[in-house]
Amino acid sequence: MFPENFLWGVSEAGFQFEMGDPPGKNIDPNTDWFKWVHDTVNVSRRIVSGDLPENGVNYWELYDSDHDLAEELGMNAYRLGVEWSRIFPRDTAGARVDVEIKDGRIVRIDFDEKVLEKLEALANMDALNHYKKIIENLRDKGFKVIVCLNHFTLPIWIHDPIVARNTGLRSGARGWYDQKTIVEFSKYAGFLAWRLGDKVDIWATFNEPNIVAETGYFLTTNGFPPGVRMNALNALKTFKRVLMNMIVAHARAFEAIKKFDTQRADPDSSLPASVGVIQHVIPVMPLNPLREADSHASRFIRNVHNNLFVEAVSSGWVDKNLNMVRDGDEVEKDLNGKLDWLGVNYYTRMVVKGRTSLLAKLLMGIRGIPEIMEGYGLTCRARDVSRDGRPTSDFGWELYPEGLVETLLEMSRYGRPMFITENGVADSEDRLRPRYIVEHLRVLEEIVSGKRVDVRGYFHWALTDNYEWAQGFSMKFGLYSVNLNTKKRIPRKNSVETLRRIIQNRTVGAYDSFSRRV
């Protein structure tokens, strides 16, 4: 069985859920993603769907009733996203801080409450107070709250994706490409810790920083900003620069949160501020385990996608040359020990083969080029079966619950408590979701009850349908569907009842026969 103190919850992100009030008074136009999805070039090229977030599910106003739905499911935790652009719609560079740079990298950012007071004068306090109301509403209903500071979006004054795209990153507000963003993010993190610390004990700096760096700057065909087209060598350099800036930003934000959140919100919390990061983790399997090129390709992607960021903020080792060897000059002391817990977002697997390339070795220092195999994991036909005969979602993602075991065992090497911070399926007809829930939670129950890993909670993605980035409203992840005209929440009854009973019984056991039937 799952432990009595196990956390059961759902996750949400501001940009994907908040907007949608009919009069439009709560629209937040001040993000890079808002500008990105409204860009006519992106729409005409089908880089984005043409759906607009201002027509969304209106969590900003309907949070109380959504929290009631989660409470009826038996949940006791909620992961909430705060939009940086709502708190600071204007540039905060005027609130100056002390920055130390060593070998071209920011190793220290220091500021005091006087700086926070200046930030308060720049902040949208109405937005901050509204987030306070949302958090207080959750706490009044008995939920443990995790606050995530950044889920993909950036204020437009930090990142203008259209200018960045059109100039090839040569001008404009360039987001995580520039170290300025590290400084401003640290100030934002410190400000929220100062103002919300009495209500929040569990913080996440980022959601999926690896996805931001990869899909925005390297694999630029997934509709993420800024989507600058460049050759493979320059794309790899840019990816490494962006990811390194996000690693440093996490470390400096970790320090700021610890400094300004010194009050326990809950008496059972081990720390006033427990600071983690949420990582997209995917088990990467060689197409042919006996072929060295395939095995190397799988190890390379696991290192870059799953481990590089987490390793850096755990031990200080940054694998700068991506050779999977801990070279002496790659350990950065100011990054070491900047992680209290780890969030794991798990959906499916990846299968790869390796293509040997002398050019890749000479120019990029890697032995070969990994090639993602279609028909497995994320690259299947929608509402079909994978090459292994497994069902696939509306997104074309393969049902692969056993990959969760490999994922958790892999990430347990860092010795931090873990939460499953996202797990779910795009399934508008609710044909696959009940099975998805049962089979993933059965795997999780086995590994948790056997005490093989330290997993302390499960957060489903998502309570309601939402705005799925470049795909708009087409991908339905919700336990509840949403009529976008009326905003009415409509239960997907099989999934709602399945998850509710598992939470209530603290075990999947009762659903053994059910899962085989669906």
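Residues numbered from 1 in each chain as written. Predicted model: local features only at pLDDT ≥ 70, side-chain atom pairs only at ≥ 80, totals over all residues. Heavy atoms only, no water.

S.K.: Help me understand the sheet that holds strand β2 (residues 77–81) in this model?
M.R.: Strands sit in the order β1-β2-β5-β6-β7-β9-β12-β13 around a closed barrel of eight strands; the barrel is parallel. Mean inter-strand twist for the sheet, computed between neighbouring axes without regard to direction, equals 25°. Here strand β7 (residues 274–280) runs beside strand β9 (residues 341–345); their pairing, made up of five bridges, is parallel. If you follow I278 over to β9, its bridge partner there is G343. Packing of helix α15 (residues 433–449) onto the sheet brings it into contact with β1 (7–11), β12 (418–422) and β13 (455–460), and relative to β13 it is tilted by some 175°. (Pairing = 2+ DSSP bridges. Helix = DSSP H or I, 4+ residues; strand = E, 2+ residues; numbered from the N terminus. Axes fitted to C-alpha atoms, helices over the stretch in contact; angles between N-to-C directions. Contact = heavy atoms within 4.5 Å.)

S.K.: It is not clear to me how helix α11 (residues 232–260) should be interpreted in this structure. Could you clarify?
M.R.: With 29 residues, α11 should cover 42 Å at 1.5 Å per step; its first-to-last C-alpha distance of 42 Å lies within 8% of that length. Here α11 starts with a cap whose side-chain oxygen sits 3.2 Å from the backbone nitrogen of L233, and that cap is N231. (Expected span 1.5 Å × (residues − 1). Polar contact = N/O pair within 3.5 Å; in protein donor to acceptor, adjacent residues only side chain to side chain.)

S.K.: Explain the sheet that holds strand β8 (residues 284–286) to me, please; I cannot follow it from the model alone.
M.R.: Sheet strands line up and pair through hydrogen bonds in the backbone, either parallel or antiparallel. With mixed pairing, the three strands of this open sheet are ordered in space as β8-β10-β11. The open sheet is flanked by β8 and β11 (368–372), the only strands paired with a single partner. Each strand axis lies, on average, 40° off the axis of its neighbour in the sheet, ignoring direction.

S.K.: Just checking my understanding: could you explain empty space enclosed by the protein for this structure?
M.R.: One simple way to see leftover space: roll a probe sized like a water molecule over the atoms. Scanning all chains against the criterion turns up four cavities of 30 Å³ or more. In this structure, the largest cavity spans a volume of roughly 90 Å³. D32, W33, F152, L154, H159, W176, V212, G216, Y217, F224 and P225 are the residues that line the largest cavity. Listed by contribution, the elements that provide at least two residues to the lining of the largest cavity are α2 (32–38) and α10 (209–217). No other element matches α10, which puts three residues into the lining of the largest cavity. (1 Å grid on protein atoms, 1.4 Å probe; cavity = no way out; pocket = protein on both sides within 12 Å on 5 of 7 lines; lining within 4 Å. Points joined across faces, edges and corners; volume = space filled by probe spheres on them.)

S.K.: Honestly, the pairing of β9 in this entry has me stumped. Any pointers?
M.R.: By the criterion of burial, β9 is predominantly enclosed, with five of the five residues buried. Because side chains alternate across β9, one face comprises the buried residues W341, G343 and N345, and the other comprises L342 and V344, equally buried. Across four bridges, β9 lies against β12 in parallel orientation. Note on β12: the bridge partner recorded for V344 is I420. (Buried < 20%, exposed > 50% of the residue type's maximum accessible area, 1.4 Å probe, protein only.)

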